[in-house]
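Residue strings, one per chain:
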Amino acid sequence: MNKKISLGAAIAYMAIVAAVAVSLTIIWSMNKFDAKVNSLSQREAMYDKVSEVDRMVREYYYGTLNEEAIRDNTVAGYLEGLGDPYARYLTAKEYETYNSTEGGKYVGIGVVTELDSDGYIKIKEVYPESPAEVAGLKAGDIIVSVDDETATADNYQELVSTFQGEAGTKITLVRRQDNEENQVEITRRTVDVPTVSGTLLEGGKGYIRFSAITSATPSQFDKNVNKLISEGATSLILDIRGISCDNVGYITDMLDILLPKGVIAYAEYQDGRIEALANSDEKEIQLPMMVLTDGDTMGTAELFAQALRDTGKARTVGTATFGKGTRQEDKKLQDGSAIVITVARYSGPGGVSYDGTGVAADYEVRWGASAEERAAAMGNPNADAALKKAVELLNTAVKTEMNTASSAQSGSSN
């Protein structure tokens, strides 16, 4: 049996609800007003103090004022007062350079050189798909002359600098290869600097080493992973020791190749809002993996390790990472200068932030008496203790996987 509510009771109920809503709105507005007034009072106090200092300096300072330097250093000092180690001020000229730098690319012929013992230019490395590779240059070639100028120890730096220049311009080299000299004309163009190398170690371990992370890295990473798998890699070791990166897009592009479907990373902002930065599709690399890290693994390179740990795709070997888990953005000012400030904090798919703590090493390996010793051994499975440990762990993981698969097949055949 339905009970009827009288019209008077209904009106009274609606009045109470309206009163509560109005009260809550008033309380919220008062809190916002108080916060705004407090903020305005603090800002007024700051401006008053700066103004007071400015008046005193202009009245009593014995010297010439550099107005531009005062403005720049005042802003720089404000940012320093934030206590944020990653905040900084950029002059208009510095900001122009900051924006014009495209990571991982330059215009040139695409070689790494060194001074030969005879004073000539020796090619140490030729970048893949570069103008130099297309022209047939190889590591070990000797450059005898550049644009008709004989190479010597005295002009080495000057001649090597001419390998870079405007896109579309040409350079003529005389190179010595296999004891024969011939002339080669090469056209300069934009070159992707290799930042990823892949090596198939004994036992089917695909070892991928990063030298940097730039705009070119994700595609290079994809190519190296696929190449190693085609060569028979049954597991992967991803070496990000010493790598620092602040671009989250490059990292999430690489993680998309490795991870199952789902959120790759999150950012938490000042107002408490949490944003999913990227999602991985259904394609993933289903191989046992290990990630090599150290105290110089920094920024979004740490997010790479965190995401692989969170999803159970890999374990970390080495030492804990640096612990920079924040996101910086640049904000342009009216005069063309800019400030760079921290706007968010990163976390992996598991929602855990590594900021201030770093990504822990699942298997801690400390080795080498000095940085030079570690650098010389890095990548050598016999001398690199962390790499050696990763190989041992993967041997166990692969054997376990094979035994599990074998047991499953035996069970299905009975």
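Remember, it's a predicted structure, so these values are computed and weren't measured experimentally. (Residues numbered from 1 in each chain as written. Predicted model: local features only at pLDDT ≥ 70, side-chain atom pairs only at ≥ 80, totals over all residues. Heavy atoms only, no water.)

Caption draft 1: Representation of the overall build of the protein within the structure. Each helix and strand in the protein was counted, giving ten helices and 21 strands. When each of the 414 residues of the protein is scored for burial, the buried share is 36%. Within the protein, contacts between residues at least 6 apart in sequence are counted, and of these 65% link residues at least 24 apart. In the form shown here, the protein has an accessible surface area of approximately 24500 Å², with 51% of it arising from carbon and sulfur atoms. (Helix = DSSP H or I, 4+ residues; strand = E, 2+ residues; numbered from the N terminus. Buried < 20%, exposed > 50% of the residue type's maximum accessible area, 1.4 Å probe, protein only. Contact = heavy atoms within 4.5 Å. Areas by Shrake-Rupley, 256 points an atom, 1.4 Å probe, with all protein chains shown as cover.)

Caption draft 2: Region of the structure containing the pattern of salt bridges. Inspection of every chain in the model, using the stated rule, returns 18 salt bridges. With a closest N to O distance of 3.5 Å, Arg-175 and Asp-141 form a salt bridge. You can see Arg-175 sitting in strand S7 (residues 170–177) and its partner Asp-141 sitting in the loop between helix H4 (131–134) and strand S5 (142–146), a full 34 residues away along the chain. Assessed through its relative accessible area of 8%, Arg-175 is described here as buried. The partner of Glu-231 in a salt bridge is Lys-227, and the shortest N-O contact between them spans 2.7 Å. Taking relative accessible area as the criterion, Lys-227 reaches 42% and is therefore assigned partly exposed. Look at the salt bridges and you will find they share partners, linking Arg-209, Asp-239, Arg-241 and Asp-384 into a network. (Salt bridge = Lys/Arg side-chain N within 4 Å of Asp/Glu carboxyl O.)

Caption draft 3: Structural detail: the sheet that holds strand S11 (residues 205–210). What the six strands build is an open sheet, ordered S10-S11-S12-S16-S18-S21; its pairing is mixed. Pairing within the sheet leaves two strands with one partner each, and these edge strands are strand S10 (196–201) and strand S21 (363–364). With four bridges joining them, strand S12 (residues 235–239) and strand S16 (residues 289–293) adopt parallel strand pairing. When the sheet's bridge partners are listed, Asp-239 is paired in S16 with Leu-292. Its contacts with the sheet place helix H8 (residues 300–310) against S12, S16 and strand S18 (314–318), and it is angled at close to 130° to S18. (Pairing = 2+ DSSP bridges. Axes fitted to C-alpha atoms, helices over the stretch in contact; angles between N-to-C directions.)

Caption draft 4: Molecular detail of unusual backbone geometry. Its identity is not glycine, yet Glu-129 carries a phi of approximately 60°, on the positive side. Looking at the secondary structure, you find Glu-129 in the loop between strand S4 (121–126) and H4. With a relative accessible area of 57%, Glu-129 lands in the exposed category. Phi is positive for Asp-148, which is not a glycine, with a value near 70°.

Caption draft 5: Up close: the packing of aromatic side chains. In the structure shown here, the tally under the stated rule is three aromatic pairs. Between Phe-210 and Phe-304, the ring centres sit 6.1 Å apart and the planes meet at 70°, which makes this aromatic pair edge-to-face. One end of the pair, Phe-210, is in strand S11; the other, Phe-304, is in helix H8, and 94 residues separate them in sequence. By relative accessible area, Phe-210 is classed as buried at 0%. Where Phe-221 meets Phe-304, the ring centres are 6.4 Å apart and the plane angle is 85°; that geometry is what we call edge-to-face. With Phe-221 in helix H6 (residues 217–230) and Phe-304 in helix H8, the pair connects residues that are 83 residues apart, well separated along the chain. (Phe/Tyr/Trp six-rings, centres within 6.5 Å; stacked < 30°, edge-to-face > 60°.)

Caption draft 6: The packing of H6 against helix H7 (residues 248–258), seen in detail. Running from amino to carboxyl end, H6 crosses H7 at an angle of 20°, the nearest separation of the two axes being 9 Å. Classified by the angle their axes make, H6 and H7 are roughly parallel. Crossing handedness for the pair H6 and H7: right-handed. On H7, the residues touching Thr-217, Pro-218, Phe-221 and Asp-222 of H6 are Tyr-250, Asp-253, Met-254, Ile-257 and Leu-258. Among the residues making up the contact of H6 with H7, the classes are represented as six nonpolar, one polar and two charged. (Parallel < 35°, antiparallel > 145°, perpendicular 65-115°, else oblique. Left-handed = near helix turned anticlockwise from the far one by under 90°. Nonpolar A, V, L, I, M, F, W, Y, C, P; charged D, E, K, R; others polar.)

Caption draft 7: Structural view of the nonpolar core. Core analysis: the biggest nonpolar cluster contains 37 residues, and Phe-210, Phe-221, Leu-238, Phe-304 and Leu-308 have the highest contact counts within it. Sorting the residues of this core by element identifies S11, H6, S12, H7, strand S14 (262–269), S16 and H8 as the ones contributing at least two each. With 22 residues, the next largest nonpolar core counts Ala-132, Val-144, Tyr-156 and Ile-186 among its residues. (Core = buried A, V, L, I, M, F, W, Y, C linked by side-chain atoms within 4.5 Å.)

Caption draft 8: Expanded view of the side chain of Ser-280. Turning to its location among the elements, Ser-280 is positioned in strand S15 (residues 274–280). For Ser-280, a relative accessible area of 5% corresponds to the buried category. Among the polar contacts made by the side chain of Ser-280, one reaches the main-chain carbonyl oxygen of Leu-259 at a distance of 2.9 Å. Those residues within four positions of Ser-280 in sequence are excluded, and the remaining contacts are Leu-255, Asp-256, Leu-259, Pro-260, Lys-261, Gly-262 and Ile-264. (Polar contact = N/O pair within 3.5 Å; in protein donor to acceptor, adjacent residues only side chain to side chain.)

Caption draft 9: Summary view of H7. Of the positions making up H7, those classed as buried are Val-248, Ile-251, Thr-252, Met-254, Leu-255, Ile-257 and Leu-258. Between a side-chain oxygen at the N-terminus of H7 and the backbone nitrogen of Gly-249 the separation is 2.8 Å; the capping residue is Asn-247.

Caption draft 10: Main features of the environment of Glu-94. By secondary structure assignment, the location of Glu-94 is in helix H3 (residues 92–100). Note: C-alpha distance between Glu-94 and Gly-336 (242 residues apart in sequence) is 9.7 Å. Polar contacts involving the side chain of Glu-94 include one to the main-chain amide nitrogen of Thr-91, which spans 2.9 Å.

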